[in-house]
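Tertiary structure, described
Here is how the chains run, residue by residue.
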Amino acid sequence: MTVGNAWSLDIKAKHEHDFRRTILIVDDEPVNLRLLGNILGGEYDTLYAQTGEEALNEIRNHKDFLSLVLLDLYMPKGNGYMVLDALRESEDLRNIPVIVFTAEKNAEVESLKKGAVDFLNKPYDSPEVIRARVSRAIELSIGSNIIGATGIDKLTGLMTREYFFQYCHEYDKFHPDQEVDAIVVNFSKFHLVNELYGRSFGDKVLQGIADGARTVARACGGVACRHNADCFYIYVEHQEDYDQIVQTVDEKLSSIMNSSDVHLRIGVYPDIYHSVNLEQRFDRAIQASNSISRNSNQTLVAVYDNRMHEKELYEARLLGDIEKALLENQFNVVFQPKYDITGDKPKLCSAEVLIRWKHPEFGFVRPDFFIPLFEENGRIKELDRYVWREAARQVKRWKDMYGASIPISVNVSRVDIFDPDLLEFLKEMVAENGLTTEDIHLEITETAYTDSVTTIIEVVNSLRDAGFKVEMDDFGKGYSSLNMLTSLPIDALKLDMAFIKDIAENNKEMSMVEFILEIARFLKVPVIAEGVESQEQFLLLKKAGCDIIQGYYFSKPVTASEFGRLIEKNA
Ligand code: C2E
Ligand code: CA
Ligand code: CA
């Protein structure tokens, strides 16, 4: 299908709905209002005003609904020119088209200059002429407003998201009582399709999903867009069930790829009560789709439900509470020891600092729940800086108390990487505490590396140049290939807990770990295993040549004073 075709089809979809539009008629003679009302009332909803001032009030009050103003030029209390001037000066109102009534040629020219789109004669033209001009003026203004804002997604021929949202807003305005569904269609781990089969095949798959989304939109009375790379939005009349949608999308993809390679997650937010705005409806549809496992190997649908709503409220509460929590010292930090196991006896060599939140109402909140939340929201920066400062203060205290200390590693979230002040902040922080950059190690999660390779390499290089050691955290959780490791600037590799969980003598998991250890040795990068809980795991890892271990086997995260005692014993 060509782009041109898709465009006209989507425009056509818009007009299939042909909703009633609203027109404001302005004239000081009641009889004229009645006359025009009769001519246009069959097709449009009509509002009336008898003076320029009244007209402006009506326009301001109904600006989101108004499709057109019919304006008499000569009236008491603010004539038509005044109205035209006021509209032109207002960002909000200037796009509402105005047709003026006049009996003079001069006035026509003048009013066109002031922004009127057309004029009608007084005494009035025939009803057909009036209707035709009104409808043409409306069509033209819709066309220019929408086309001006947007376009079509080149790859799929669907609307772009700007256009889509504009369309949906307009749809809502004119169908205030229509029950609607916000739907998102997500291809999980789409980058794997690209990596395994190449980009052009990936493009084909996206076109297939787009085709499905478009067909669904058509069938259910609505529109679709590509929201970003592998995520599509559909806005349709409320459906009783969603099986047909799944089938349609699956069918379109079945001619392109093996059904076992299709990993679609579809989330739906049915807006029965019109309780939240458009963007929120799609956010909720995303939440619903996120409730489906990324690893599912068939297309699944999830509908936003009460449980998700409660989670949303809970998350909003937590986000709102962060300020107070920082002020009231609800956050504190704990230290989990890391042991060097390369020698005869395990030796304490470092610790990871981990945040804890004791919420006055909800009690202990898990970091793997609130950290991602704050990351998404941008608030993680403050929190991380708080933790880093605490870590630095503690290291200084231990140095003073024991004459020696060990480096402490802090978590650097992916958001911090994009903070232009990151390096400055860290350098100042260590200096202020009388430390050196060697006293603080930085853990950066593997997915940050794969998300934005070039930025991260730059940032990590600058951190290492300044003397900080950088550990790649959660290795194996993301998708960086082993191959990629060779070109990444890192000082240590931290194996994700999931790798360790099931290792046993000679099993598949253990060979994987051995393989990674071998590569790391080749790259001369030490490996830290975390989540080590048993002696068996410890012995296996030691035998395989793992360098450092962190986990419940040695110690759970402990308070600063408990950790201080460990340092003391160690020294
Ligand atoms: P992580 O960086 O991978 O931290 C390791 C997590 O594993 C910690 O959970 C730790 O308590 C837990 N753990 C350690 N040993 C074992 C074990 O033997 N068995 C099991 N089952 N778990 C073990 P925690 O403290 O709940 O932190 C979870 C995640 O939250 C962290 O994962 C990290 O991603 C994030 N996080 C924690 N503190 C911070 C922070 O200050 N800043 C940032 N950005 N993220 C943090
Ligand atoms: Ca970590
Ligand atoms: Ca980790």
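Treat the numbers as computed from the prediction; the structure is a model and nothing was measured.

1. A word on the pairing of strand β11 (residues 331-340)
Among the 10 residues of β11, eight are classified as buried, and the element is accordingly described as predominantly covered. As consecutive antiparallel partners, β11 and strand β12 (residues 347-359) are separated by six residues. Pairing of β11 with strand β19 (residues 548-550) involves two bridges; the strand directions are antiparallel. In the sheet register, Asp340 faces β19, and the bridge partner there is Ile548.

2. Let's talk about the coordination of the calcium ion (ligand 2)
For the calcium ion (ligand 2), the protein coordination sphere consists of Glu352 (OE), Asn411 (OD1), Glu443 (OE) and Asp473 (OD), at 2.1 to 2.3 Å. Between consecutive donor residues of the calcium ion (ligand 2), the sequence gaps follow E-x58-N-x31-E-x29-D. Here the calcium ion (ligand 3) and the calcium ion (ligand 2) are spaced 3.9 Å from one another, each receiving a donor from Asp473. Within this pair, whereas Glu443 is found in strand β15 (residues 440-445), its partner Asp473 is found in strand β16 (residues 469-475), the two being separated by 30 residues in sequence. For the residue pair Glu443 and Asp473, the accessibility class agrees, reading buried in each case.

3. As for the environment of Leu253
With respect to the helices and strands, the residue Leu253 is situated in helix α10 (residues 243-254). Judged by its relative accessible area of 0%, Leu253 is buried. Placed 169 residues apart in sequence, Leu253 and Leu84 show a C-alpha to C-alpha distance of 53 Å. When sequence neighbours within four positions are dropped, the list of residues in contact with Leu253 reads Val205, Gly208, Ile209, Val262 and Leu264.

4. With respect to the coordination of the calcium ion (ligand 3)
The protein atoms donating to the calcium ion (ligand 3) are Asp473 (OD), Asp474 (OD) and Glu530 (OE), with metal-donor distances spanning 2.1 to 2.3 Å. Among the residues examined, Asp473 registers a relative accessible area of 5% and is labelled buried.

5. As for the site of ligand 1
Lining the immediate surroundings of ligand 1 are 21 residues, of which Arg356, Asp384, Met497, Glu533 and Tyr552 lie closest. Contact between ligand 1 and Ile355: a nitrogen atom at 3.1 Å from a main-chain N or O atom of the residue. Glu533 places a polar side-chain atom, nitrogen or oxygen, 2.5 Å from a nitrogen atom of ligand 1. About the coverage of ligand 1: the protein hides 84% of its 800 Å² of free accessible area. Secondary structure elements with two or more residues in the shell around ligand 1: β12, α13 (367-377), α14 (380-402) and β16. In terms of residues, the shell around ligand 1 owes the most to one element, β12, which gives four residues.

6. Structural notes on the pattern of salt bridges
Going through the model one piece at a time under the given rule, you end up with 32 salt bridges. The residue Lys114 makes a salt bridge to Asp85 at a minimum N-O spacing of 3.1 Å. Here the residue Lys114 occupies a position in the loop between α5 (105-113) and β5 (118-121), and Asp85 occupies one in helix α4 (residues 80-89), the gap between them amounting to 29 residues. For Lys114, a relative accessible area of 16% corresponds to the buried category. For Asp85, a relative accessible area of 23% translates into the label partly exposed. Residues joined in a network through salt bridges with shared partners are Lys338, Glu352, Glu443, Glu471, Lys494 and Glu530.

7. Considerations on the sheet that holds strand β9 (residues 264-271)
Across the sheet, five strands lie side by side as β7-β8-β6-β9-β10; this open sheet has mixed pairing. Both edges of this open sheet fall to β7 (222-228) and β10 (300-303), since each of them pairs with a single strand only. Across the sheet, the mean angle separating the axes of adjacent strands is 20 degrees when strand polarity is ignored. Helix α7 (residues 161-174) rests against β6 (180-187), β7 and β8 (231-237) of the sheet, and its axis sits at about 145 degrees to β7. Contacting β6, β7, β8 and β9, helix α9 (residues 199-220) crosses the sheet at an angle of about 10 degrees to β8.

8. Re the domain arrangement of the chain
On domain assignment, one finds that the chain holds domain 1 (5-151), domain 2 (161-304) and domain 3 (313-570). Each of domain 2 and domain 3 has a C-alpha centre, and these two points are 37 Å apart.

9. Observations concerning the packing of aromatic side chains
Applying the stated criterion across every chain, the model contains 28 aromatic pairs. Ring centres 6.3 Å apart and planes at 70 degrees place the aromatic pair Phe164 and Tyr233 in the edge-to-face group. Of the two residues, Phe164 is situated in helix α7 and Tyr233 in strand β8; the sequence distance between them amounts to 69 residues. When sorted by exposure, Phe164 lands in the same class as Tyr233, which is buried. Relative to Trp398, the ring of Phe335 lies with its centre 5.1 Å away and its plane at 75 degrees, an arrangement referred to as edge-to-face. With a gap of 63 residues between them, Phe335 in strand β11 and Trp398 in helix α14 connect regions that are remote in the sequence. For Phe335, a relative accessible area of 0% translates into the label buried. Members of the aromatic cluster, joined through ring pairs, are Phe164, Phe165, Tyr167, Tyr171, Tyr233, Tyr235 and Phe282.

10. So, the environment of Val460
Within the fold, Val460 resides in helix α18 (residues 453-465). C-alpha of Val460 to C-alpha of Ile490: the two residues are 30 residues apart in sequence and 7.9 Å apart in space. With sequence-adjacent residues up to four places away left out, Val460 is seen in contact with Ile444, Tyr449, Val470 and Pro489.

11. What about the packing of helix α12 (residues 306-327) against α13?
Close contact between α12 and α13 brings their axes to 11 Å; oriented N to C, the two are set at 70 degrees. Comparing the axis directions of α12 and α13 gives the class roughly perpendicular. Between α12 and α13, the residues in contact are Lys311, Tyr314, Glu315, Leu318, Leu319 and Ile322 and Phe369, Leu373, Phe374 and Asn377, respectively. Partitioning the contact of α12 with α13 into residue classes produces seven nonpolar, one polar and two charged.

12. So, a negative patch on the surface
On the surface, a cluster of negative charge is contributed by Glu179, Glu240, Asp241 and Asp243. Topologically, Glu179 is positioned in the loop between α7 and β6. Using a relative accessible area of 34% as the deciding quantity, one classes Glu179 as partly exposed.

13. Some remarks on helix α3 (residues 52-61)
The complete set of buried residues in α3 reads Gly52, Ala55, Leu56 and Ile59. The buried residues of α3 occupy an angular sector of 95 degrees when the element is viewed end-on, so they sit on one face.

14. Comments concerning the packing of helix α11 (residues 278-290) against α12
One way to put it is that α11 packs onto α12 with a least axis distance of 11 Å and a crossing angle of 110 degrees. Taken together, α11 and α12 sit at an angle that is classed as roughly perpendicular. In the crossing of α11 with α12, the sense of the turn from one axis to the other is right-handed. Together, Arg284, Gln287 and Ala288 of α11 and Met308, His309 and Glu312 of α12 make up the contact between the two elements. Looking at the contact of α11 with α12 residue by residue, the class counts come to two nonpolar, two polar and two charged.

Reading the values: the criteria
- Residues numbered from 1 in each chain as written.
- Chains lettered and ligands numbered in written order.
- Predicted model: local features only at pLDDT ≥ 70, side-chain atom pairs only at ≥ 80, totals over all residues.
- Heavy atoms only, no water.
- Buried < 20%, exposed > 50% of the residue type's maximum accessible area, 1.4 Å probe, protein only.
- Helix = DSSP H or I, 4+ residues; strand = E, 2+ residues; numbered from the N terminus.
- Pairing = 2+ DSSP bridges.
- Donors = N, O, S within 2.8 Å, 3.2 Å for Na, K, Ca; no water.
- Contact = heavy atoms within 4.5 Å.
- Near = heavy atom within 4 Å.
- Polar contact = N/O pair within 3.5 Å; in protein donor to acceptor, adjacent residues only side chain to side chain.
- Areas by Shrake-Rupley, 256 points an atom, 1.4 Å probe, with all protein chains shown as cover.
- Salt bridge = Lys/Arg side-chain N within 4 Å of Asp/Glu carboxyl O.
- Axes fitted to C-alpha atoms, helices over the stretch in contact; angles between N-to-C directions.
- Domains from an automatic or database assignment.
- Phe/Tyr/Trp six-rings, centres within 6.5 Å; stacked < 30°, edge-to-face > 60°.
- Parallel < 35°, antiparallel > 145°, perpendicular 65-115°, else oblique.
- Nonpolar A, V, L, I, M, F, W, Y, C, P; charged D, E, K, R; others polar.
- Patch = residues over 30% accessible without salt bridge, like charges linked within 9 Å, V, L, I, M, F, W, Y side chains within 5 Å.
- Lys, Arg positive; Asp, Glu negative; His and termini not counted.
- Charge placed at Lys NZ, Arg CZ, Asp CG, Glu CD.
- Arc of directions from axis to C-beta.
- Left-handed = near helix turned anticlockwise from the far one by under 90°.

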